[in-house]
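Remarks on the overall topology
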Amino acid sequence: MPKLHDLLVTDDDNFFGLEPELATLERARFVVMSAPYEGTVSYGKGTGAGPEAIRIASQQVELFDEITGAEHIPHHGVATLKPFNPDCTAEEMTIGQIYPVTQQILEAGKFPILVGGEHSVSPGAVKAVAERVPDLSVFHIDAHSDMREAYHDDPYSHASAAARINEWCPIVQVGIRSREKFEPGDPKRPVHCYHAWDYHSEGPWIDEAVGKLSRNVYLTIDVDGFDPSVFPGTGTPEPGGLSWYLGLKIIQKIAQSRNIVGFDIVEVAPTEGQQVSEFAAARLMGRIIAFISHYCWRGEGAV
Ligand SMILES: [Mn+2]
């Protein structure tokens, strides 16, 4: 199993284009994993190119976060790991590669960030977090509930990501507008699904949804949970969904009232001739880092 130090990108070709001394494993509080995996994709292809496109786009993102009023990214540091090998099954990717590296990131006292790739990459990261962090919920933004027990006979398919995650954690889902019928499962780990038909604009439902989360929260964000005008480059761009600002405000509310302990951004499929989706993903990553730094770590190395 590769050690974190062997996986580290040591030059400035890292996420956010940081000076290498801000991106070492000693200095950085955040560590980014890239999983360029699209082995079980069912429709539009291209998510395998997502992590690299997001990394390049992130080098153009302004490091000052005007919402929280600070440069959290250079202050806390972000380390970048070399991409995982995508030539494998979904189970080998998420449980074989991502799970043990996430464990190492957590053992080192760092904050794990995972960039996909298709949604099948997420369960391994959640499993590592759930084994270490008590009282954990997953907040899931997606057009799809991903609750199929298996898809094309693969229980680690992208369409089964939430079903695997639900073996360890309760889930709150928002943005959902293409859903298979599923049983809510074990009452100790309920799945609360906020369908986008009823829940796509600001309202009291947001506090209710956030209120269903446990003290510690992992965010898994399939970018197709947002409206395709925000992320046109994704495998299955379902019409409708969250606006950019609504999505950010929900995540801000979670950061203000819960402890976010890890997150992933998946299903970006770069589109030839434009950089909208990868830039939005890089910006989303930066905003979430800012919210975590500002709200969850207030008083703890705050800027
Ligand atoms: Mn989806």
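Please refer to the structure higher up on the page.
Keep in mind it's a predicted model, so treat the numbers as computed, not measured. (Residues numbered from 1 in each chain as written. Predicted model: local features only at pLDDT ≥ 70, side-chain atom pairs only at ≥ 80, totals over all residues.)

Take the pairing of strand β5 (residues 171-176) next. Among the six residues that make up β5, six are buried, leaving the element largely enclosed by the rest of the structure. Here strand β4 (residues 136-141) pairs with β5 via four bridges, running parallel. Considered in β5, the bridge of V138 is made with I171. Two elements, β5 and strand β6 (residues 191-195), share five bridges in a ladder whose sense is parallel. Across the sheet, I176 pairs through a bridge with H195, a residue of β6. (Buried ≥ 20, exposed ≤ 12 C-beta atoms within 10 Å, placed from the backbone. Helix = DSSP H or I, 4+ residues; strand = E, 2+ residues; numbered from the N terminus. Pairing = 2+ DSSP bridges.)

Core analysis: the biggest nonpolar cluster contains 86 residues, and V32, M33, V78 and I113 have the highest contact counts within it. Here the element with the most residues in this core is helix α9 (residues 276-296); it accounts for 10 residues. Residues in contact with M33, not counting those within four places in the same chain, are L81, F84, I98, V101, P112, I113, L114 and V115. (Core = buried A, V, L, I, M, F, W, Y, C linked by C-beta atoms within 7 Å. Contact = placed C-beta atoms within 7 Å.)

With that out of the way, let us pick up the sheet that holds strand β7 (residues 216-222). On the basis of which strands lie adjacent, the open sheet formed by eight strands has the order β2-β1-β3-β8-β7-β4-β5-β6 and parallel pairing. Each end of this open sheet is capped by a strand with a single partner; those strands are β2 (78-80) and β6. In this sheet, neighbouring strand axes are inclined to one another by 20° on average, regardless of whether the strands run parallel or antiparallel. Both β4 and β7 contribute to a ladder of six bridges, which runs parallel. If you follow F139 over to β7, its bridge partner there is L219. Running over the sheet, helix α5 (residues 122-132) touches β3 (111-116), β4, β7 and β8 (259-266) and is turned about 170° from β8. (Axes fitted to C-alpha atoms, helices over the stretch in contact; angles between N-to-C directions.)

Function-wise, these values are silent; they only describe arrangement.
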